[in-house]
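# An overview of the molecular structure
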Amino acid sequence: MIGIMGIHISPAGTADFHQVLSDHPRYWGERDLRSLHLLALVQEFGSTCLVARAEDGIRGYIFGFVTPDGTGYTHLIATRDDARGHGLGRRLYTAFAAAAERHGARRLKAITSLENTGSIAFHRVLGFDMKIVDDYSGPGRAMAVFHRDLPLNDSRP
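A brief structural summary. None of the values given here were measured: they were computed from a predicted structure.

Rules behind the numbers
Residues numbered from 1 in each chain as written. Predicted model: local features only at pLDDT ≥ 70, side-chain atom pairs only at ≥ 80, totals over all residues. Heavy atoms only, no water. Pairing = 2+ DSSP bridges. Helix = DSSP H or I, 4+ residues; strand = E, 2+ residues; numbered from the N terminus. Right-handed = clockwise from strand over helix to strand, strands pointing away. Buried < 20%, exposed > 50% of the residue type's maximum accessible area, 1.4 Å probe, protein only. Arc of directions from axis to C-beta. Contact = heavy atoms within 4.5 Å. Axes fitted to C-alpha atoms, helices over the stretch in contact; angles between N-to-C directions. Parallel < 35°, antiparallel > 145°, perpendicular 65-115°, else oblique. Left-handed = near helix turned anticlockwise from the far one by under 90°. Nonpolar A, V, L, I, M, F, W, Y, C, P; charged D, E, K, R; others polar.

What follows covers the pairing of strand S6 (residues 107-113). The sheet contact formed by strand S5 (residues 71-79) and S6 spans 4 bridges and is parallel. Among the inter-strand pairings, Thr74 is bridged to a residue of S6, identified as Ala110. Note that the unit made of S5, helix H4 (residues 88-102) and S6 has a crossover that is right-handed. Pairing analysis gives 7 bridges linking S6 to strand S8 (residues 143-149), with the strands arranged antiparallel. Paired with Arg107 across the bridge in S8 is Asp149.

Quick look at the structure:
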């Protein structure tokens, strides 16, 4: 568990998953991404599905896993609307990278839609290389695909 300014990052549990879904608009606004939230990820890859918890609840989360080829794949990362702009997303990614490395990951991977300019900028700041892959999510559905090697060293506050 990592404690930072009253926020503790720790593995997510089933109750955390349900709380995140209950508060979905606080993390995603108008976008309905509930179908991407898979309880099986938390149940099967609990040590790489993390929540950032404070006294007032879950401020952010990152759900991911490590593939057999040593890739730490980030499936979802989100911060609550009142927790943005303070480096929490970076802290969550740093904690995920450390957990992924403990499970043998040597690199990180993430994807996002081309319209998600905030996610694209965020991953670029974290040092990810980006490639647009045509038809990644089906015919005519290009995605931004991010890669970077580990470790993800972050000395910023």
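Resuming the write-up.
Here we take up helix H5 (residues 117-125). Within the span of H5, buried status applies to Ser119, Ile120 and His123. Viewed along the axis of H5, the buried residues span an arc of 100 degrees, placing them on a single side of the element. For H5, the elements touching its buried residues are H4, S6, strand S7 (129-133) and S8. In the stretch just after H5, Gly127 is the one whose phi turns positive, near 90 degrees.

Moving on to the environment of Ala54. Here Ala54 is to be found in strand S3 (residues 49-54). Ala54 sits 46 residues away from His8 along the chain, and the two C-alpha atoms are 6.5 Å apart. Non-local contacts of Ala54, meaning those with residues more than four positions away in its chain, are made with Gly6, Ile7 and Arg59.

A pair of packed helices is captured by two measures, namely the crossing angle of their axes and the spacing between those axes. Two elements in contact, H4 and H5, have axes whose closest approach is 11 Å; the angle formed by their N-to-C orientations is 60 degrees. Considering the angle they form, H4 stands oblique to H5. At the point where H4 passes H5, the crossing takes the right-handed sense. For the pair H4 and H5, the contacting residues are Gly89, Arg90 and Tyr93 in the first and Phe122, His123 and Val125 in the second. Grouping the amino acids of the contact of H4 with H5 by side-chain chemistry returns 3 nonpolar, 2 polar and 1 charged.

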